[in-house]
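Here's the letter readout for the chains.
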Amino acid sequence: MPKAHKIHDAIIIGAGFGGMGAAIQLRRSGYDDLVIIDRENDLGGTWHVNHYPGLAVDIPSSTYSYSFEPNPDWSRLFAPGAELKKYAEHVADKYDLRRHMRFGEAVKRAVWQESDQCWEVTTQSGQTVRGAFILTATGFLSQPKLPDIPGIDTFAGKVIHTADWDHDYDLAGKRAAVIGTGATAVQLIPTIADQLAELTVYQRTAIWVSPKADFAVPGAARSLFAKLPLSQRLVRFTGSAVLEVMMVAGVLHYRKVPAANLMGANLCRAHLKNQIKDPTLRRKLTPNYSFGCKRPTFSNDYYPTFTKDHVHLETDPITRIDETGIVTESGHRTEIDTLILATGFDLWETNFPAFEVIGKQGRSLGEFWRNNRFQAYEGITVPGFPNLLSLNSPYSYSGLSYFTTIESQMKHMGRLLGEVRRRKAKTFEVTDQANSDFLDRMTAKVGDSIFALGDCSSANSYYFNQHGEATLLRPTTTLNAFREAGSFDLDDYRYA
Ligand code: NAP
């Protein structure tokens, strides 16, 4: 990256779906001089990084895609991960985004330059680039978490984190351990189990699993989607409605409609009962926290995998790992040659924000969030940080499909940047008042959710930050998020 003092219109950090959506919106708003920086060597974000066996989207694909760029070619209702990566490439080409992208550069810090009214972004290699606006689109689940288990460094066999899968490593006949039973493990375990000689799954917290109504999309339906996009819109609408009931009604609006939560929990319990006849195994696989406290998942083959003779579920906590095995609290030791870490991602410690962001008067965004409460007006802007659109912010995640968040944020950007241009302003900054009013409103709404009213204490859920507050999800309907994105009070911002 050349050292330049040119001020670009905007710098976007992250070339995943969030960053590409932001770029498309900036172009629609009349800003074309964009720089998109990504630490990886290609675009696609999570769908570039994750390629573990069994990876598939677990939101129906017609819903998990941009509404303005429907893809009639999804092979299944829940498309395999590789199709998502291909779709990301298609979007980058169609919207001519590649020319803005710079790969293999991790951003170290971004500092507001008061004198030039712009942001200066510095990468790990010391290069700098300047932009009038910056947009952080670094994802929520992008910093892989390595477990801090005593002795893990002494393990002499193969270690693989699911976010860095090694396809050259042959699993055939291996004695493997999988640590973790989140959504990733639920997809991975059934896919690899049959290749292995022995598989021990270490579960700390059981996950709620509901049936997955997956099927191959018939050719006739794909032709119909291509010829008549409205038909795919209807499928999208249905998928979104189901997700809305599950997540928003069943989880966020628990006080008003507890029945939706009960329905979700009962569906998962019936699914487990139907697939696991052994009561001891069933008890081990039953979550001990309320449905919705952490992200539930969908699978038809996860539970049956545990009925195979060579697959073992270990719920005794791990105390240490040595050169060739894992030892649990009861002293039981399992010999392994392959250690698979399905241990997820670190959100709150390392991802809010994903690099140092210094705003006006030297204010650090990370410190502001940690010393005060995690907050962002409409989940996108923060007082003291002019011209910053922080796309992965507290209260920004709306609904279950990430594309709901992306598109409501695009709408907010469109309205805000339209006003910036109308006023011929150089800067925008959300007011303290608007920000604190929004925070108060979200805090009150979280009080109606399962997070406040359910039993979430043992869930170990990333929906909660390090202070025990559920500040990740926007606790409103997705319709409300869209409505506010298109109608927020323009005077909630100062323009200069
Ligand atoms: P995760 O949900 O955070 O699960 C990590 C698992 O590792 C948990 O079971 C956790 O146990 C366990 N773990 C972590 N550290 C541990 C330790 N030191 N000892 C023992 N166990 C440990 O991560 P994930 O499964 O990668 O999924 C993350 C998110 O990615 C999902 O919620 C979902 O949003 C998304 N995802 C989406 C898709 C899709 O759409 N295709 C697929 C996969 C994932 P605790 O629960 O006790 O902490």
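Residues numbered from 1 in each chain as written. Predicted model: local features only at pLDDT ≥ 70, side-chain atom pairs only at ≥ 80, totals over all residues. Heavy atoms only, no water.

1. Brief notes about the site of the ligand
Then comes step 1: Neighbouring the ligand are 24 residues, the closest being Ala56, Thr184, Thr205, Lys294 and Tyr462.
Then comes step 2: Between an oxygen atom of the ligand and a side-chain N or O atom of arginine 295, the distance comes to 3.0 Å.
Then comes step 3: Between the ligand and tyrosine 462 there is a distance of 2.6 Å, counted from an oxygen atom to a side-chain nitrogen or oxygen.
Then comes step 4: Here the shell around the ligand gets three residues from one element, more than from any other, and that element is helix α4 (residues 183–192).
Then comes step 5: When the residues that make up the shell around the ligand are grouped by side-chain class, the tally is 11 nonpolar, nine polar and four charged.
Then comes step 6: Each of domain 1 (7–143 + 347–495) and domain 2 (144–207 + 296–344) gives at least three residues to the shell around the ligand. (Near = heavy atom within 4 Å. Polar contact = N/O pair within 3.5 Å; in protein donor to acceptor, adjacent residues only side chain to side chain. Helix = DSSP H or I, 4+ residues; strand = E, 2+ residues; numbered from the N terminus. Nonpolar A, V, L, I, M, F, W, Y, C, P; charged D, E, K, R; others polar. Domains from an automatic or database assignment.)

2. Considerations on the pattern of salt bridges
Then comes step 1: If you walk through the whole model with that rule in mind, you get 33 salt bridges.
Then comes step 2: When the shortest N-O distance is used, the salt bridge between arginine 99 and aspartate 32 registers 3.1 Å. Note that arginine 99 is positioned in the loop between α3 (81–94) and β3 (101–103) and aspartate 32 in the loop between α1 (17–28) and β2 (34–38), a separation of 67 residues in sequence.
Then comes step 3: What makes aspartate 32 partly exposed here is its relative accessible area of 37%.
Then comes step 4: With a closest N to O distance of 2.7 Å, aspartate 166 and lysine 158 form a salt bridge.
Then comes step 5: A single network of salt bridges, built from pairs that share partners, joins Arg175, Arg320, Asp322, Arg333, Glu335 and Asp337. (Salt bridge = Lys/Arg side-chain N within 4 Å of Asp/Glu carboxyl O. Buried < 20%, exposed > 50% of the residue type's maximum accessible area, 1.4 Å probe, protein only.)

3. A word on the sheet that holds strand β12 (residues 311–314)
Then comes step 1: In space, the five strands of this open sheet follow the order β7-β16-β8-β9-β12, with parallel pairing throughout. Only two strands of the sheet have a single partner each, and these edge strands are β7 (158–161) and β12. Averaged over neighbouring strand pairs, the angle between their axes works out to 20° when direction is ignored.
Then comes step 2: Looking at chain direction, strand β8 (residues 175–179) and strand β9 (residues 198–202) are connected through five bridges and run parallel. Residue pairing in the sheet places valine 178 in a bridge with valine 201 of β9.
Then comes step 3: Docked against the sheet, α4 engages β8, β9 and β16 (338–341), running at close to 165° with respect to β8. (Pairing = 2+ DSSP bridges. Axes fitted to C-alpha atoms, helices over the stretch in contact; angles between N-to-C directions. Contact = heavy atoms within 4.5 Å.)

4. Remarks on the packing of aromatic side chains
Then comes step 1: For the structure on display, the rule yields 35 aromatic pairs.
Then comes step 2: With centroids separated by 5.6 Å and ring planes inclined at 45°, the aromatic side chains of tyrosine 302 and tyrosine 303 adopt a geometry described as tilted. With respect to class, tyrosine 302 is no different from tyrosine 303; both count as buried.
Then comes step 3: Between tyrosine 377 and phenylalanine 488, the aromatic rings sit 6.4 Å apart at their centres with planes inclined by 85°, giving edge-to-face as the arrangement. With tyrosine 377 in the loop between α10 (365–371) and β18 (388–390) and phenylalanine 488 in the loop between α14 (478–487) and β20 (493–495), this pair connects stretches of sequence that are 111 residues apart.
Then comes step 4: Take tyrosine 377: its relative accessible area is 3%, and that puts it in the buried class.
Then comes step 5: According to the relative accessible area criterion, phenylalanine 488 is buried, its value standing at 4%.
Then comes step 6: Following the ring pairs from residue to residue traces out a cluster consisting of Phe17, Trp47, Tyr64, Tyr66, Phe68, Trp74, Tyr87, Tyr95 and Phe403.
Then comes step 7: Positioned over the ring face of phenylalanine 68 is arginine 28, at 4.5 Å from the centre of the ring. (Phe/Tyr/Trp six-rings, centres within 6.5 Å; stacked < 30°, edge-to-face > 60°. Lys NZ or Arg CZ within 6 Å of the ring centre and 35° of its normal.)

5. Topic: the domain arrangement of the protein chain
Then comes step 1: Taken domain by domain, the protein chain holds domain 1 (7–143 + 347–495) and domain 2 (144–207 + 296–344).
Then comes step 2: Each partner contributes residues to the interface: domain 1 has 14 residues there, and domain 2 has 17 residues.
Then comes step 3: Roughly 1300 Å² of surface becomes buried between domain 1 and domain 2 when both sides are summed, with 53% attributable to carbon and sulfur atoms.
Then comes step 4: For the domain 1 face of the interface with domain 2, the top three residues by lost area are Tyr52, Pro53 and Asp58, together amounting to 43%.
Then comes step 5: Linking domain 1 to domain 2 there are zero salt bridges.
Then comes step 6: Summed over the shared surface of domain 1 and domain 2, the number is five residue pairs in polar contact (both at pLDDT 80 or more).
Then comes step 7: Residues that form the side of domain 1 that touches domain 2 fall into these classes: six nonpolar, seven polar and one charged. (Buried area = accessible area lost by both parts, 1.4 Å probe.)

6. Details of the pairing of strand β14 (residues 325–328)
Then comes step 1: The alternating pattern of β14 places Gly325 and Val327 on one face and Ile326 and Thr328 on the opposite face, and all of these are buried.
Then comes step 2: Taken together, the three bridges between strand β13 (residues 318–321) and β14 define a ladder with antiparallel strand orientation. Looking at β14, one finds that arginine 320 is bridged to valine 327.
Then comes step 3: In textbook terms, the turn of a hairpin is the stretch between consecutive antiparallel strands, and for β13 and β14 this stretch comprises three residues.
Then comes step 4: Two successive antiparallel strands, β14 and strand β15 (residues 333–335), enclose a turn made up of four residues, where glycine 331 displays a positive phi of approximately 95°.

7. Quick look at the sheet that holds β14
Then comes step 1: Across the sheet, three strands lie side by side as β13-β14-β15; this open sheet has antiparallel pairing. Because the sheet does not close on itself, it has two edges, and the strands there are β13 and β15. The average angle at which neighbouring strand axes cross in this sheet is 20°, direction not considered.
Then comes step 2: Pairing between β14 and β15: three bridges, direction antiparallel. In the sheet register, valine 327 faces β15, and the bridge partner there is arginine 333.

8. Looking at the nonpolar core
Then comes step 1: Judged by nonpolar contacts, the single largest core of 134 residues is most densely connected at Phe17 and Phe451.
Then comes step 2: No other element matches helix α11 (residues 402–422), which puts eight residues into this core.
Then comes step 3: The residues contacting phenylalanine 17, other than those within four sequence positions of it, are Trp47, Tyr66, Leu84, Tyr87, Ala88, Phe403 and Ile406. (Core = buried A, V, L, I, M, F, W, Y, C linked by side-chain atoms within 4.5 Å.)

9. Here's the deal with the environment of asparagine 435
Then comes step 1: Counting through the fold element by element, asparagine 435 comes out in helix α12 (residues 432–446).
Then comes step 2: Sequence spacing of asparagine 435 and tyrosine 377 is 58 residues, and the spatial spacing of their C-alpha atoms is 4.7 Å.
Then comes step 3: With residues up to four places along the chain from it excluded, the contact list for asparagine 435 reads Gln375, Ala376, Tyr377, Thr381 and Pro383.

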